[in-house]
Amino acid sequence: MAVIAAGIPAPSFKLARADGESFTEQDLQGRTSVLVFYPFAFSPVCTDQLQLYEQLRGELAERGDALYGVSCDSTWAQSAFKEKLGVGSEQLSDFEPKGAACAAFGVLHPGGFPQRALVITGPDGVVRWSYEAPSPGELPGVDLLREGLAAAEAAGASA
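Residues numbered from 1 in each chain as written. Predicted model: local features only at pLDDT ≥ 70, side-chain atom pairs only at ≥ 80, totals over all residues. Heavy atoms only, no water.

### Quick notes on the pairing of strand S5 (residues 90-93)
Operational definition: Two strands make a pair as long as DSSP finds a minimum of two bridges between them. Helical segments are the DSSP runs of H or I of at least four residues, strand segments are the runs of E of at least two, and each set is numbered from the N terminus.
In the sheet, strand S4 (residues 66-71) pairs with S5 via four bridges, with the strands oriented parallel. Residue pairing for S5: Val70 is matched across the bridge by Leu92.

And the structure:
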């Protein structure tokens, strides 16, 4: 299975927010959204990734864009992870049913956790750009994410 391709509407999915409320494909409407799929809270590469992307939050906010972390960890683990890292991006849990949203986006690793991947949707909820790391241990850097945002913007302009 491969990560969802550009040009495809975001699939139907449901993730849990820290407050217990649901986050669905409707929450992607109205602005550009970056979904950062990561394997495990508190793992070294995931820690580095979320801290690295924190430096983009100001840029994204200025543009009205949003960045969300997505893992199969529980909301409790994600909240503790977010607090320990001191990051502001909302963390979304694919814990129950475990991996269902990750599978819908084509990023569920055979080991039962999300493959490290980035999916950017436009304000219409259509995937504008996506990337799957060759392995869960490879960190997609900030420059790659910026390239993805530029590609997503260009795709939206031509749509």
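### Section: the packing of aromatic side chains
Rules: Side-chain rings of Phe, Tyr and Trp (the six-membered ring for Trp) are treated as a pair once their centres are within 6.5 Å; stacked means planes under 30 degrees apart, edge-to-face means over 60, and tilted covers the remaining angles. Classification of residues uses two cut-offs on accessible area relative to the type maximum, computed with a 1.4 Å probe and protein chains only: under 20% is buried, over 50% is exposed, and between them is partly exposed.
Summed over the entire model, instances satisfying the criterion amount to eight aromatic pairs. Plain terms: the ring middles of Phe13 and Phe23 are 6.2 Å apart, the flat faces sit at 35° to each other, and that makes the pair tilted. Residue Phe13 is found in the segment before strand S1 (14-16), and its partner Phe23 is found in strand S2 (residues 22-24); the two are separated by ten residues along the sequence. A relative accessible area of 0% means that Phe23 is categorised as buried.

### Some words on helix H5 (residues 142-158)
Under the convention used in this document: Residue count minus one, scaled by 1.5 Å, sets the expected span of a helix. Our arc is simply the arc of the directions from the helix axis toward the C-beta atoms. The contact rule is simple, with two residues in contact once any of their heavy atoms fall within 4.5 Å.
Over its 17 residues, H5 runs 24 Å from end to end, which matches the ideal 24 Å to within 8%, given 1.5 Å per residue. Taken residue by residue, H5 has Val142, Leu145, Gly148, Leu149 and Ala152 as its buried positions. Considered in projection along H5, the buried side chains sweep an arc of 115° and stay on one side of the axis. More than 90 degrees from the buried face of H5, the exposed residues found are Asp143, Glu147, Ala157 and Ser158. Buried-residue contacts for H5 involve strand S3 (33-37), helix H1 (44-54), helix H2 (57-63), S4, strand S6 (117-121) and strand S7 (127-132).

### Things to note about the pairing of S6
Counted residue by residue, S6 has five buried out of five residues, so it is predominantly covered. By the alternation rule, side chains of S6 split into Ala117, Val119 and Thr121 and Leu118 and Ile120, which are all buried. In the sheet, S3 pairs with S6 via five bridges, with the strands oriented antiparallel. Within S6, the position partnered with Val36 by the bridge is Leu118. Pairing between S6 and S7: five bridges, direction antiparallel.

### Observations concerning helix H3 (residues 75-85)
By the burial criterion, the buried members of H3 are Thr75, Gln78, Phe81 and Leu85. The buried residues of H3 all sit within an arc of 120° when viewed along its axis, so they share a single face. Among the exposed residues of H3, those oriented more than 90 degrees off its buried face are Trp76, Glu83 and Lys84. Looking at the buried side of H3, the elements it contacts are S1, H1, S4 and S5. Looking one or two residues beyond H3, the residue adopting positive phi is Gly86, at roughly 70°.

### Let's talk about unusual backbone geometry
That bond from Glu96 to Pro97 is cis: its omega, -10°, falls within 30 degrees of zero. If you trace the backbone, Pro97 turns up in the loop between S5 and helix H4 (100-104). Even without being glycine, Phe42 reaches a positive phi, approximately 75°. Assessed through its relative accessible area of 42%, Phe42 is described here as partly exposed.

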